[in-house]
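Secondary and tertiary structure notes
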Amino acid sequence: MQKQRSTRELRELDAAHHLHPFTDTTSLNQQGARVITKGEGIYLWDSEGNKIIDGMAGLWCVNIGYGRKDLSEVAKRQMDDLAYYNTFFKTTHPAVVELSHLLAEVAPAGFSHVFYTNSGSESVDTMIRMVRRYWEVKGQKQKKTLIGRWNGYHGSTIGGASLGGMAYMHQDGGDLPIPGIEHVQQPWWYGLGGDMTPEEFGLAAAKWLEDKILEIGPDKVAAFVGEPIQGAGGVIIPPSTYWPEVERICHKYDVLLVADEVICGFGRTGEWFGHQCFGFHPDIFTTAKGLSSGYLPIGAVFVGDKVAAMLAEGGDFNHGFTYSGHPVAAAVACANVRALRDEGIIERVKHETGPYMQQRWREVFSRFEHVGDVRGVGLIQAFTLVKNKATRELFPNTGEIGLICRDIFFRHDLIMRACGDHMVSAPPLVISKQEIDDMLALAAQCMEEFE
Ligand code: PLP
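These remarks concern the structure in this document. (Residues numbered from 1 in each chain as written. Predicted model: local features only at pLDDT ≥ 70, side-chain atom pairs only at ≥ 80, totals over all residues. Heavy atoms only, no water.)

As for the packing of aromatic side chains
Scanning the entire structure with this criterion turns up 23 aromatic pairs. Their ring planes at 50° and their centres at 6.3 Å tell us that Y84 and Y85 sit as a pair that is tilted. The exposure class assigned to Y85 is partly exposed, which follows from its relative accessible area of 41%. With a centroid separation of 4.5 Å and an interplanar angle of 10°, the aromatic rings of F285 and F302 are classed as stacked. Note that F285 is positioned in strand β9 (residues 284-287) and F302 in strand β10 (residues 299-303), a separation of 17 residues in sequence. Of the two residues, F285 and F302, both sit in the buried class. In textbook terms, an aromatic cluster arises when at least three aromatic residues are bridged by ring pairs, as seen for F111, F266, W272, F273, F285 and F302. Above the plane of the ring of W45 lies K38, whose end atom (NZ or CZ) is 5.6 Å from the centre. Lying across the ring of W135, K143 places its NZ or CZ 4.8 Å from the centre. (Phe/Tyr/Trp six-rings, centres within 6.5 Å; stacked < 30°, edge-to-face > 60°. Buried < 20%, exposed > 50% of the residue type's maximum accessible area, 1.4 Å probe, protein only. Helix = DSSP H or I, 4+ residues; strand = E, 2+ residues; numbered from the N terminus. Lys NZ or Arg CZ within 6 Å of the ring centre and 35° of its normal.)

This is the structure we're talking about:
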């Protein structure tokens, strides 16, 4: 039996042996990491007994909320029956069959197939190879280039980090992007729209894609990839004109359209998938996070019938992971997706808690002097810290002020995230109206302190 360690001991051991992702180790070790020990609904507890509101659902993933015993029981049963087998070489197992059937039911028409991964990054890397394979089998091998967007986030693997548009990720350990990846500017009206209306700007931003396709040559462009709402980039919600125009352009130049639904998927926007919220029709979409609500690592690439048929025509697709369709992760994902559907959780986000959050979010934050562009859809929302609200002037040294604000929230036991100077939130989808009120009351108190 493992002995119970004190918080101090845990912090010291953590500092001695654990390299954290996306973390400045020196500054972390000066402070010591906060030790999280328990979760229930939208709440976390740390090792010192503090109750924390998790306004980020972990890393935008715990859609169903913490502490669901039914999911842990499913995991145990599946572990007892079959803890592992793979889905390579003409084998399968009941858990992955059930999950695939269920996902085909909740997916929009035309998506009868999924390919399993263990994370969002692996879903993105899988998609990159799949897109290129599609054009190879079709006899258009030269169509290889994928176009992503600046400030987009598609993961930390070499492929995902390349396709993403985070310049600091291209630099760190880098020489990224890899060949065959290009970027266009993000559809961020507040920061880039100038005098244009949002609708005019949406069309102008889509035109950047058309210009890029023409610059590369349509016969060389394989796909355009974007998050329906840019998540880690700061919850950038494109104007309503953007996605339909992007879809038109992709059709015009015979370019595959890919939605990265790793954050938006499984109910975040109030629809099952974010592209349904914006009314466009991708050929492929990538998922992870909300698929299992983070209870176990699993991702899935939803493959449109046109692409699936072409892959089948090509014979072997030499790609996959030891844990693709892992039985325990698949069983848990299946129970999670059923609960999201059968308990009406996504419906509630669409009709009740989502609209309530958006109304209250605007009421609470719009009044602050340094808050601009208060925005959100479903249960994903943000505001931008600005130097001058009237002129939309941003603070210099992007990110500095955001971190100060985030730390105030954290000290008051409310987790929100600073993406640059955008303060973002994406709580578990099970949050109640009362919990929204509690969260926003605490957030308002933090903002008073900040200003
Ligand atoms: N794609 C998007 C849109 C994401 O937001 C993320 C992670 O936040 C990823 C891909 C990468 O997912 P993971 O961290 O599971 O590899």
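A closer look at the sheet that holds β9
Hydrogen bonding along the main chain pairs the strands of a sheet, whether they run parallel or antiparallel. Across the sheet, 7 strands lie side by side as β4-β10-β9-β8-β7-β5-β6; this open sheet has mixed pairing. Each edge of the open sheet carries a strand with a single partner, namely β4 (113-117) and β6 (181-184). For this sheet the average axis-to-axis angle between neighbouring strands, irrespective of direction, equals 20°. Taken strand by strand, helix α5 (residues 94-106) contacts β4 and β10, and its axis lies near 130° from that of β4. Contacts from helix α13 (residues 305-313) reach β4, β8 (256-260), β9 and β10 within the one sheet, and its direction differs from that of β10 by about 95°. (Pairing = 2+ DSSP bridges. Axes fitted to C-alpha atoms, helices over the stretch in contact; angles between N-to-C directions. Contact = heavy atoms within 4.5 Å.)

Focus: the nonpolar core
Within the largest apolar cluster, 109 residues are counted, with the highest numbers of intra-cluster contacts made by L103, F224, F365, F383, L385 and M447. Residue contributions to this core peak at 11 residues, all from helix α14 (residues 327-342). Within the second largest apolar cluster, 24 residues are counted, among which are I128, W135, V225 and V258. (Core = buried A, V, L, I, M, F, W, Y, C linked by side-chain atoms within 4.5 Å.)

Here's the deal with the packing of α5 against α14
Their axes nearest at 8 Å, the elements α5 and α14 cross at an angle of 35°. Viewed along their axes, α5 and α14 form a crossing whose handedness is left-handed. Packed against α5, whose contacting residues are A95, V96, E98, L99, L102, L103, E105 and V106, the element α14 presents P327, A330, A331, A333, C334, V337, R338 and R341 at the interface. Its residues assigned to classes, the contact of α5 with α14 shows 12 nonpolar, no polar and 4 charged. (Left-handed = near helix turned anticlockwise from the far one by under 90°. Nonpolar A, V, L, I, M, F, W, Y, C, P; charged D, E, K, R; others polar.)

A short note on the environment of R417
By the element assignment, R417 lies in strand β15 (residues 417-419). With a relative accessible area of 27%, R417 lands in the partly exposed category. Sequence separation between R417 and I249 is 168 residues, and the spatial gap between their C-alpha atoms is 34 Å. Beyond its immediate chain neighbours, meaning those up to four positions away, R417 contacts M56, L59, W60, A232, R406, H422, M423 and V424.

Quick notes on the pairing of β8
Most of β8 is tucked away, with 5 of its 5 residues classed as buried. Alternating positions in β8 separate into two faces, L256, V258 and D260 on one and L257 and A259 on the other, with burial throughout. Note that strand β7 (residues 221-226) and β8 share 4 bridges and pair parallel. Within β8, the residue paired with G226 across the bridge is A259. Taking the sense of rotation as the criterion, the β-α-β connection linking β7, helix α11 (residues 242-252) and β8 turns out right-handed. (Right-handed = clockwise from strand over helix to strand, strands pointing away.)

Focus: the site of the ligand
Every residue lining the ligand is accounted for by S119, G120, S121, Y153, H154, G155, E227, D260, V262, I263 and K289. S121 places a side-chain nitrogen or oxygen 2.5 Å from an oxygen atom of the ligand. Between the ligand and K289, the relevant distance is 2.9 Å, taken from an oxygen atom to a side-chain nitrogen or oxygen of the residue. Protein coverage of the free-state accessible area of the ligand, which is 390 Å², stands at 83%. Taken together, the residues of the shell around the ligand break down into 3 nonpolar, 5 polar and 3 charged. (Near = heavy atom within 4 Å. Polar contact = N/O pair within 3.5 Å; in protein donor to acceptor, adjacent residues only side chain to side chain. Areas by Shrake-Rupley, 256 points an atom, 1.4 Å probe, with all protein chains shown as cover.)

Description of the sheet that holds strand β2 (residues 43-46)
The strand order across the open sheet formed by 4 strands is β1-β2-β3-β14, and the pairing between neighbours is mixed. The outermost strands of the open sheet, each flanked by one partner alone, are β1 (36-40) and β14 (414-415).

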